[in-house]
Amino acid sequence: MKKNVWKYGLLSGLALAIPMGFAVPLEHHIGARWSMVFGYTIMVLSFLIIFVGVKHYRDTERGGTISFGRAFAAGTLMMLISCACYVAMWEGLVATVERNFAHDYAASMVKHAQNSGLQGPALDAKITAAHNFEVMYSNPFYRMAMTLLEPLPVDIVMALVTAGILRRKPEHTMPNASSSEALAN
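What you see is a predicted model, and the numbers here were worked out from it, not measured in a lab. (Residues numbered from 1 in each chain as written. Predicted model: local features only at pLDDT ≥ 70, side-chain atom pairs only at ≥ 80, totals over all residues. Heavy atoms only, no water.)

## Looking at the confidence of the model for the protein
Here the protein averages 86 in pLDDT, while 92% of its residues score no lower than 70. No element of the protein has a lower mean pLDDT than helix 8 (residues 177-184), which averages 48, and none a higher one than helix 6 (residues 140-148), which averages 95. Taken as a whole, residues 179-185 scores under 50 in pLDDT and shows zero contacts with residues more than four places along the chain or in a different chain. (pLDDT = per-residue confidence, 0-100. Helix = DSSP H or I, 4+ residues; strand = E, 2+ residues; numbered from the N terminus. Contact = heavy atoms within 4.5 Å.)

Pasting the structure below:
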């Protein structure tokens, strides 16, 4: 199982991280909304590799049968490896082309609050929250946890769907005619 988990987890991770590496620098040109649509589409497509990995595990190593729990565990482990690749790519991007991400995001939070008509203490609270976000995001553990939360819900849903579709109980064979005749005699 370990070999399949690593193989398909890394394949899915590459399918997730490489397009992200190309798309994030272009986000400023295509807009945040389209970037998000592209990102979640790539997540689902890359997680389909996990489906193939669990099916391969079921068919080759488990003799064509697998329980829901075993399929869910294998799929989740593969997806966690894939998510780790996603987090690693984001960390690389933040260290290079997205150095000002936290500052730019905080500034967009403030601008959105101002454009929504907030004033006084409510606006001050939004500005403080934006500043707090920027400070917290400079902590790599916080940043990695926040980044992991992006693919994790899709990960869990896909692991559940994969386990539900691919589960297969062992077939109970019926005694053949000669053995049933022998039992009758």
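## Structural notes on the packing of helix 2 (residues 32-61) against helix 3 (residues 68-95)
Remark: helix 2 packs on helix 3, axes separated minimally by 9 Å, with the N-to-C direction vectors making an angle of 140°. Considering their axes alone, helix 2 and helix 3 lie oblique with respect to each other. Where helix 2 crosses over helix 3, the handedness of that crossing is right-handed. Facing helix 2, whose interface residues are Met-43, Phe-47, Ile-50, Gly-53, Val-54 and Tyr-57, helix 3 presents Arg-70, Ala-71, Ala-74, Gly-75, Met-78, Met-79, Ser-82, Cys-83 and Tyr-86. (Axes fitted to C-alpha atoms, helices over the stretch in contact; angles between N-to-C directions. Parallel < 35°, antiparallel > 145°, perpendicular 65-115°, else oblique. Left-handed = near helix turned anticlockwise from the far one by under 90°.)

## As for the packing of helix 1 (residues 2-30) against helix 3
Running from N to C, helix 1 and helix 3 point in directions that differ by 30°, and their axes come no closer than 7 Å. With respect to helix 3, the element helix 1 is oriented roughly parallel. Of the two possible hands of crossing, helix 1 and helix 3 adopt the one that is right-handed. Of the residues that constitute the contact of helix 1 with helix 3, the class distribution is 18 nonpolar, six polar and no charged. (Nonpolar A, V, L, I, M, F, W, Y, C, P; charged D, E, K, R; others polar.)

## Remarks on the nonpolar core
In this structure, Phe-47, Val-54, Met-78 and Trp-90 are the most contacted members of the largest nonpolar core, which totals 30 residues. The leading source of residues in this core is helix 3, at 10 residues. Aside from chain neighbours lying at most four places away, what touches Phe-47 is Ser-12, Leu-16, Met-79, Ser-82, Cys-83, Pro-151, Val-154, Asp-155 and Met-158. (Core = buried A, V, L, I, M, F, W, Y, C linked by side-chain atoms within 4.5 Å. Buried < 20%, exposed > 50% of the residue type's maximum accessible area, 1.4 Å probe, protein only.)

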